[in-house]
Amino acid sequence: MSAISFSKFTASVIFSLSNSTSSPCSISSHFSSLYPSLLRNFPSCSQSLSRSSPGKLHFRFHIPSCSSKSSEAEEEDEKEKEEESSSPDDEWLKKLPEKKKPLYSHSLPCIEAWLRSLGFHQSTEDRAVWLVEKHEWHAQLSLDVTDLYIRYLKTGPGNLEKDMERRFSYALSREDIENAVLGGP
């Protein structure tokens, strides 16, 4: 029976030997036949064989660097990760209708991606509520069945004496709603 353990720079393989007379050379060749991909992936690794206790033999090799990839391959992997981690919003933003089109012609995922691009974040309590904190004001936007509501909060920066609410029909264009909402109270 064998066990493999890895740390950042060293891998150990422990063989439990039923026959304690096995030679280190036979164990080394046994390891090479069992795990050829490890040795192939790390051709410059140094190998050592030691007997830790009767019936157990450690085969240890040192990996000179923690990555077998070239820096170009690593950069390529990072670019792929960035593309994968690019938010799904990017796809929905590409699907946005023209900004002159009424908001009712936009799909919900497109509207959500658009709101995120404007700096809004979705409330955890109510998915129809979106919050934004600008330097001059804080607001809560609600996507109602018939209208979009924006409430500028007196608790945010600015000199509001009370919360101010505005209502916009989904028949207005995305551009008009964006300008009105981001214009502030």
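In what follows, the accompanying structure is described.

So, how was this worked out
Residues numbered from 1 in each chain as written. Predicted model: local features only at pLDDT ≥ 70, side-chain atom pairs only at ≥ 80, totals over all residues. Heavy atoms only, no water. Phe/Tyr/Trp six-rings, centres within 6.5 Å; stacked < 30°, edge-to-face > 60°. Helix = DSSP H or I, 4+ residues; strand = E, 2+ residues; numbered from the N terminus. Lys NZ or Arg CZ within 6 Å of the ring centre and 35° of its normal. Buried < 20%, exposed > 50% of the residue type's maximum accessible area, 1.4 Å probe, protein only. Contact = heavy atoms within 4.5 Å. Salt bridge = Lys/Arg side-chain N within 4 Å of Asp/Glu carboxyl O. Arc of directions from axis to C-beta.

1. What to know about the packing of aromatic side chains
Per the stated rule, a full pass over the model turns up one aromatic pair. Ring geometry for Trp137 against Tyr152: centres 5.2 Å apart, planes inclined by 85 degrees, an arrangement best described as edge-to-face. Here Tyr152 lies in strand E8 (residues 147-153) and Trp137 lies in the loop between strand E6 (129-133) and strand E7 (138-143), a separation of 15 residues in the sequence. The positively charged end of Lys95 is found above the aromatic ring belonging to Trp92, 4.5 Å away from the centroid.

2. Overview of helix H5 (residues 108-117)
Among all positions in H5, only Cys110, Ile111, Glu112, Ala113, Trp114 and Leu115 are buried. Turning to H5, the residues buried within the fold contact helix H4 (88-94), strand E5 (121-122), E6, E7 and helix H6 (174-182). Gly119 lies just past H5 and shows a positive phi near 105 degrees.

3. Some points on the pattern of salt bridges
Side chains carrying opposite charge are able to pair once their charged atoms draw close together. Throughout the structure, instances matching the rule amount to six salt bridges. Lys99 is paired through a salt bridge with Glu175; the nearest N and O atoms lie 3.8 Å apart. Of the two residues, Lys99 is situated in the loop between H4 and H5 and Glu175 in helix H6; the sequence distance between them amounts to 76 residues. The exposure class assigned to Lys99 is partly exposed, which follows from its relative accessible area of 46%. Two residues, Lys100 and Glu175, come together in a salt bridge whose shortest N-O distance is 2.7 Å. Of this pair, Lys100 sits in the loop between H4 and H5 while Glu175 sits in helix H6, placing them 75 residues apart in sequence. Within the structure, one salt-bridge network assembled from shared partners comprises Lys99, Lys100 and Glu175.

4. Focus on H6
Those residues of H6 lying buried are Arg174, Glu175, Ile177 and Val181. Burial along H6 is one-sided: seen end-on, the buried residues are contained in an arc of 165 degrees. Of the surrounding elements, those touching the buried residues of H6 are H5, E7, E8 and strand E9 (164-169). In the segment just after H6, Gly184 is the residue with positive phi, at about 85 degrees.

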